[in-house]
Amino acid sequence: MLVSAKEMLDKAKAGHYAVGQFNINNLEWTKAILLTAEETKSPVILGVSEGAGKYMCGFKTVAAMVKAMDESLGITVPVALHLDHGTYEGTKACIEAGFTSVMFDGSSYEIDENVAKTTELVKLAHDNGISIEAEVGAIGGEEDGVIGKGECADPDECKRIADLGIDMLAAGIGNIHGVYPDNWEGLSFDTLDAIQQKTGTMPLVLHGGTGIPDDMIKKAIDLGVSKINVNTECQLVFAEETRKYIEAGKDKQGKGFDPRKLLAPGVEAIKAKVKEKIELFGSNGKA
Ligand code: 13P
């Protein structure tokens, strides 16, 4: 069932667990995540970056594919189709295309401009019955060519943005997209605590979920994180299993070159990874 992310995140915040956002890249990714959410009876958020949207032939194609797949697979758990790190134009395009949730990432603007643009997009999203995430303080690492510094957000700025009527807030707490470097200092729980105190019941979003140790994930959830984004980790396990299949020469045995066979180990690896994360985040059985 395709729904806005608001209700599932408000429930997660109240119930002290987090809903996973898993980014999709193609049909296989989408199917693997939907089936795993159904199997674990967990709500789920399908994240689409602007780059992945372009790769999949545009937001309208993505929305049509996800809607049809959700129906054809008989998915009963709540599923939000969410734009990840949207630009101002991209956010508008996804609202138009039929996404059920969007993120406007205004973190690269000065705070006043972030506030002005977020305010406008909150109204547009809510007029269309969909949820909206906003961001304060850039998240480090590289995502679709955008490089952030991994800074920590200012809790007062977080409050300003949270008060605009958004449904979820992404705030930098030292997290980074992609694999964490060996010298990473870990999440700043002091920052997270201060943000949570200022923003109350607002569901907080932790980007850069790949490679954050389990104990830090659990502590972040205790301190008010209700949505955790995972992207790179699914890509890594998919690539690893596909490489093993080819290196073992399985594509040369019988009809092992058939994409339905060749991609199957990678797809199974995504399912296992998504299941592991859903259980870690505690959203299993919460649909
Ligand atoms: P990772 O690729 O580090 O898991 O981050 C995903 C993310 O935050 C998407 O917005």
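Structure shown above.
Keep in mind the model is a prediction, meaning the values are calculated, not measured.

When you go through the protein chain residue by residue, the secondary structure sums to twelve helices and ten strands. Here the protein chain has a C-alpha radius of gyration of 18 Å; the compact-globule value for 287 residues is 19 Å, and the two agree. Referenced to the eigenvectors of the C-alpha coordinate spread, the extents of the protein chain come out at roughly 60 × 45 × 35 Å. For the protein chain, the residues scored as buried account for 55% of the 287 residues in total. Summarising the internal contacts of the protein chain: among those between residues at least 6 apart in sequence, 72% fall at separations of at least 24. A total of about 12500 Å² of accessible surface is found on the protein chain, and carbon and sulfur atoms cover 53% of it. Across the protein chain, 30 positive and 44 negative side-chain charges occur, with their mean positions spaced 7 Å apart.

Considering all chains together, one arrives at four aromatic pairs under this definition. Taking the centre distance of 3.8 Å and the plane angle of 35° together, the rings of Tyr180 and Trp184 count as tilted. You'll find Tyr180 and Trp184 in the same group, each marked buried. The positively charged end of Lys117 is found above the aromatic ring belonging to Tyr109, 4.6 Å away from the centroid. If you follow Lys286 out to its NZ or CZ, it ends over the ring of Tyr17, 4.6 Å from the centre.

Within the secondary structure, Val19 sits in strand β1 (residues 19–23). The class of Val19 is buried, set by a relative accessible area of 0%. When the C-alpha atoms of Val19 and Val225 are compared, they prove to be 9.3 Å apart, with 206 residues separating the residues in sequence. Every residue in contact with Val19, bar those within four places of it in the chain, is listed here: Met8, Leu9, Ala12, Pro43, Val44, Ile45, Ser226, Lys227, Ile228, Phe281 and Ser283.

What follows concerns the nonpolar core. Ranked by internal contacts, the top residues of the largest apolar core, which has 73 residues, are Ile24, Ile33, Phe99, Leu169 and Leu206. The leading source of residues in this core is helix α12 (residues 264–281), at six residues. Here Ile33 is in contact with Phe22, Asn23, Ile24, Val44, Leu46, Ile270 and Val274, once residues within four sequence places are set aside. Counting twelve residues, the second largest nonpolar core, distinct from the first, contains Ala5, Met168, Ala170 and Val205.

Now for the pairing of strand β4 (residues 101–104). Both faces of β4 are covered, namely the face carrying Ser101 and Met103 and the face carrying Val102 and Phe104. After leaving β4, the chain enters helix α6 (residues 111–127) and then returns to the sheet as strand β5 (residues 131–136), a path that is right-handed.

Our focus in this paragraph is the packing of α6 against helix α7 (residues 155–162). Where α6 contacts α7, the axes come no closer than 10 Å and their chain directions differ by 20°. One element, α6, and the other, α7, form an angle in the roughly parallel class. Note that α6 runs across α7; the crossing there is right-handed. Each of Ile111, Asp112, Asn114, Val115 and Thr118 in α6 lies in contact with α7, whose residues at this interface are Glu157, Arg160 and Ile161. Residue composition of the contact of α6 with α7, grouped by class: three nonpolar, two polar and three charged.

Packed helices, taken two at a time, are described by the angle between their axes plus the distance between the axes. Where α7 contacts helix α8 (residues 189–199), the axes come no closer than 9 Å and their chain directions differ by 35°. Crossing handedness for the pair α7 and α8: right-handed. Between α7, through Pro155, Asp156, Cys158, Lys159 and Ala162, and α8, the contact on the second element is made entirely by Ala194, Ile195, Lys198 and Thr199. Residue composition of the contact of α7 with α8, by class: five nonpolar, one polar and three charged.

Rules used in this analysis
Residues numbered from 1 in each chain as written. Predicted model: local features only at pLDDT ≥ 70, side-chain atom pairs only at ≥ 80, totals over all residues. Heavy atoms only, no water. Helix = DSSP H or I, 4+ residues; strand = E, 2+ residues; numbered from the N terminus. Rg over C-alpha atoms; globule rule 2.2 N^0.38 Å. Buried < 20%, exposed > 50% of the residue type's maximum accessible area, 1.4 Å probe, protein only. Contact = heavy atoms within 4.5 Å. Areas by Shrake-Rupley, 256 points an atom, 1.4 Å probe, with all protein chains shown as cover. Lys, Arg positive; Asp, Glu negative; His and termini not counted. Charge placed at Lys NZ, Arg CZ, Asp CG, Glu CD. Phe/Tyr/Trp six-rings, centres within 6.5 Å; stacked < 30°, edge-to-face > 60°. Lys NZ or Arg CZ within 6 Å of the ring centre and 35° of its normal. Core = buried A, V, L, I, M, F, W, Y, C linked by side-chain atoms within 4.5 Å. Right-handed = clockwise from strand over helix to strand, strands pointing away. Axes fitted to C-alpha atoms, helices over the stretch in contact; angles between N-to-C directions. Parallel < 35°, antiparallel > 145°, perpendicular 65-115°, else oblique. Left-handed = near helix turned anticlockwise from the far one by under 90°. Nonpolar A, V, L, I, M, F, W, Y, C, P; charged D, E, K, R; others polar.

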